[in-house]
Amino acid sequence: MQYRDFGKTGIRTSLLGFGAMRLPTLNEDASQIDEEKAIEMIRFAIEHGVNYVDTAYPYHGGSSEKVVGKALQNGYREKVFLATKSPVWQVEKHEDFERFLDQQLEKLQTDHVDMYLMHALNKERWEKIKALRFFEFFEKAKAQGKIRFAGFSFHDKYPTFKEIVDGYDGWDFCQIQLNYMDVNYQAGVRGLKYAASKGLAVVIMEPLKGGKLAKLPQKVQDIFRRNRKNWSAVEWSFRWLGNFPEVSVILSGMSTLEHVKENVEIMKNVTSNNLTEEDLKLIEETRKTLGSFAVINCTECGYCMPCPSGVDIPENFRLYNETVMFGDWKGGRGIYKWLEGQKTAASFCKECGECLSKCPQRLEIPSLLKKVDSELTEVK
C-alpha cells in the first residue's frame, strides 16, 4: 500500500481509502447492510494497509456508521483514521452541530473521529453554516478531543470552492469529486491544486464516476488496449488520480470483497508522477471519445445562467449526456430525481426563452430541457 502526507497535519494516510457508502445490502434495500460481508470487507482492507475509513450520517439510510462502528471493534479502530460528516442540511441551530456529532460517536462506538467534515457544501450551505458559527463548533470539538481534523466535502462550482477554502483558516482538508472525465467539473483539477497550495489535504471521491469508468464501452476499452501495460479500466482511473502528488486519499465505495482485493493490489503500484506522456495521451483520447458520445452540444460555458426559474441548465444537459454516454438510465434518473428535489431540474423550465439569445452554441434550450425531463423522469 502506498502512503502519502495528509496535507499539513503531520500524519500519513493510505492512498486507498475505504468509502462506506456502497456496502453490500440485503433484499435490495440500501438501509439493510449485509453486516457480515461488510465487516469482512472493511477488516480485510485494514489488514492489507488501508488506514482511512470514510462514512457519513445519511449513508445507507443511517446504517453505515453503525456497521463501520462494529467493524472497528476488537482493535481495528486504533489502526485507522476515521472520517464522518455533519448533515448540515439538518442543522437548524448552532447546538445541532454538537448534537449530531454526539449521535455519530455513539453509533461509531468511539470517543472521537479523526476527520470530521461539513457534508456536501455548496453556496447555500456555506452561507448557512457560517451564520450558525460552524467554526466555533470545530474549535470546541477539537478542544474536547471529539475530532482531530476539520474538513468539508464539496458539490458546487469552482468559485464557491475557492471562497470556502479561503473562508476559514481552520480547514485541515477537503473532499472533492474528481476523475479523468471531471477535470473541470465542480472543484476540478484547479480546485485540487488550489487547496493543496493552501496546505490542505485533498481526499478524492467518485474516482470511478459512480462505477461508470469501470464499465467502459467497447470502443473506449480498445483505446486502452493499445497500451501493453494490460491495466484494467479501474487501474487506469486510479493511476490518473494517483499521478497527482496533491492527492492524499482516493476513496473507493467498494461493494464486494473482490473489489477490495482488486483495489488493494492496484494501489500497491500507484505513485505520483507514475504515468508516461503516452499514458496521459491515451487517457485524454479516452476522455474525448467518451465526450463525443454526448448528444446535446453544451460546452457548460454558463452564459445561459442564471435561469429565472432556477433551472441549472448546464447540469441538466451534462447529466443527460452522461446518461446516454454510459447507458446508465437508472443512475441518471436517480440523480435527476435529486435535482427535482433541489428545484433545479429541467421540469422547472417555464419556457421564458431568456436563455436562447445567450447561448453561443445556439441551442434550443427550452425544447432540449423538455427532452431531458421526458427521458429522465422516473417511470411511475
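Scope of this entry: the structure provided in the associated data block. The residue numbering used here restarts from 1 in each chain and proceeds along that chain's sequence as written. The predicted origin of the model limits local features to residues at a pLDDT of at least 70 and limits the giving and counting of side-chain atom pairs to 80 or more, whereas totals for whole chains, interfaces and linings rest on all residues. For side-chain calculations, the full set of non-hydrogen atoms in the structure is used, while hydrogens and water are omitted.

### Observations regarding the overall build of the chain
Move 1: What counts as a helix is a DSSP run of H or I of at least four residues, what counts as a strand is a run of E of at least two, and both are numbered from the N terminus. Across its full length, the chain carries 14 helices and 12 strands.
Move 2: With C-alpha atoms as the basis for the radius of gyration, the globule rule is written as 2.2 Å multiplied by the number of residues raised to the power 0.38. In terms of overall dimensions, the chain is globule-like: its C-alpha atoms have a radius of gyration of 21 Å, near the 21 Å expected for 380 residues.
Move 3: Partly exposed residues are those whose accessible area sits between 20% and 50% of the maximum for their type, while under 20% is buried and over 50% is exposed, using a 1.4 Å probe and protein chains only. Out of the 380 residues belonging to the chain, those deemed buried represent 54%.
Move 4: In this analysis, two residues are considered to be in contact whenever any of their non-hydrogen atoms come within 4.5 Å of each other. Long-range contacts, defined as pairs at least 24 residues apart, comprise 77% of the intrachain contacts of the chain with a sequence gap of at least 6.
Move 5: Here the open area of atoms and residues is found with the Shrake-Rupley method and a 1.4 Å probe, where only the protein chains shown may cover a residue. With the model as given, the accessible surface of the chain reaches about 17000 Å², and the carbon-plus-sulfur share is 48%.
Move 6: The average position of the 53 basic charges and that of the 53 acidic charges among the side chains of the chain differ by 2 Å. In this tally, Lys and Arg are treated as positive and Asp and Glu as negative; His is ignored, and so are the chain termini. For the purpose of locating charges, the reference atoms are NZ of Lys, CZ of Arg, CG of Asp and CD of Glu.

### A few points about the pairing of strand S10 (residues 173–177)
Move 1: For S10, the buried fraction is high: five of the five residues fall into the buried class.
Move 2: Covered by surrounding structure in S10 are Phe173, Gln175 and Gln177 together with Cys174 and Ile176, the residues of both alternating faces.
Move 3: When DSSP finds at least two bridges between two strands, those strands are taken to pair. In this structure, strand S9 (residues 147–154) lies alongside S10, joined through three bridges in parallel fashion. Bridged to Ser153 within S10 is Gln175.
Move 4: The handedness of a crossover follows from its direction of travel: if, with the strands pointing away from the viewer, the path from the first strand over the helix to the second runs clockwise, the crossover is right-handed. The parallel pair S9 and S10, bridged by helix H6 (residues 158–166), forms a crossover whose chirality is right-handed.
Move 5: Note: S10 against strand S11 (residues 201–205), five bridges, orientation parallel. In the strand pairing of S11, Cys174 is matched with Val202.

### As for the layout of surface pockets
Move 1: In this structure, the second largest pocket occupies an estimated 160 Å³ of space.
Move 2: The method works on a 1 Å grid over the protein atoms by themselves. A cavity is a set of points holding a 1.4 Å probe that cannot get out, a pocket is an open set with protein on both sides within 12 Å along at least five of seven lines, and residues with an atom within 4 Å of a point line them. If you go around the second largest pocket, the residues you meet are Gln221, Phe224, Arg225, Asn227, Asn230, Trp231, Ser232, Ala233 and Trp236.
Move 3: Of the residues forming the lining of the second largest pocket, the biggest block, three residues, is contributed by helix H8 (residues 218–225).
Move 4: All residues other than Ala, Val, Leu, Ile, Met, Phe, Trp, Tyr, Cys, Pro, Asp, Glu, Lys and Arg, Gly among them, are scored as polar; the first ten of these are nonpolar and the last four charged. For the lining of the second largest pocket, a count of residues per class yields four nonpolar, four polar and one charged. Grid points are joined across faces, edges and corners, and a volume is the space filled by probe spheres set on the points.

### Some remarks on helix H10 (residues 257–267)
Move 1: Looking at H10, one finds that the buried residues are Leu257, Val260, Asn263, Val264, Ile266 and Met267.
Move 2: On its buried side, H10 packs onto strand S3 (16–19), helix H1 (35–47), helix H9 (233–242) and strand S12 (247–252).

### So, empty space enclosed by the protein
Move 1: Scanning all chains against the criterion turns up two cavities of 30 Å³ or more.
Move 2: Estimated volume of the largest cavity: approximately 100 Å³.
Move 3: Examining the composition of the lining of the largest cavity, we find that three residues originate from one element, helix H14 (residues 365–376), more than from any other.
Move 4: For the lining of the largest cavity, the per-class residue count stands at 12 nonpolar, two polar and four charged.
Move 5: Roughly 90 Å³ of volume is contained in the second largest cavity.
Move 6: Along the wall of the second largest cavity there are 14 residues; nearest its centre are Cys298, Cys301, Gly302, Cys304 and Cys359.

### Here we look at the nonpolar core
Most often, soluble globular proteins keep nonpolar side chains buried together rather than apart.
Move 1: Judged by nonpolar contacts, the single largest core of 94 residues is most densely connected at Phe18, Met118, Phe138, Phe152, Phe161, Trp171 and Trp240.
Move 2: Looking at this core, the element that brings in the most residues is H1, giving seven residues.
Move 3: Apart from the residues lying within four places of it in its own chain, the contact partners of Phe152 are Leu117, Met118, Leu121, Phe161, Ile164, Val165, Trp171, Phe173, Cys174 and Gln175.
Move 4: The definition of a nonpolar core used throughout is a set of buried Ala, Val, Leu, Ile, Met, Phe, Trp, Tyr and Cys residues joined through side-chain atoms within 4.5 Å. Membership of the second largest hydrophobic core comes to 20 residues, among which are Leu319, Cys355, Val372 and Leu376.

### A look at the pairing of S9
Move 1: The element S9 is largely enclosed, with a buried count of seven among its eight residues.
Move 2: As paired elements, strand S8 (residues 113–121) and S9 share six bridges and run parallel to each other. Within S9, the residue paired with Met118 across the bridge is Phe152.

### Thoughts on the sheet that holds S3
Move 1: In space, the eight strands of this closed barrel follow the order S3-S6-S7-S8-S9-S10-S11-S12, with parallel pairing throughout. The sheet shows a mean angle of 30° between the axes of neighbouring strands, taken without regard to direction.
Move 2: Where S3 meets strand S6 (residues 52–54), two bridges bridge the pair, whose relative direction is parallel. Across the sheet, Gly19 pairs through a bridge with Asp54, a residue of S6.
Move 3: Working convention: axes come from line fits to C-alpha atoms, limited for helices to the stretch in contact. Angles between N-to-C directions cover 0 to 180 degrees. Contacting S8 and S9, helix H5 (residues 134–143) runs over the sheet at an angle of about 150° to S9.

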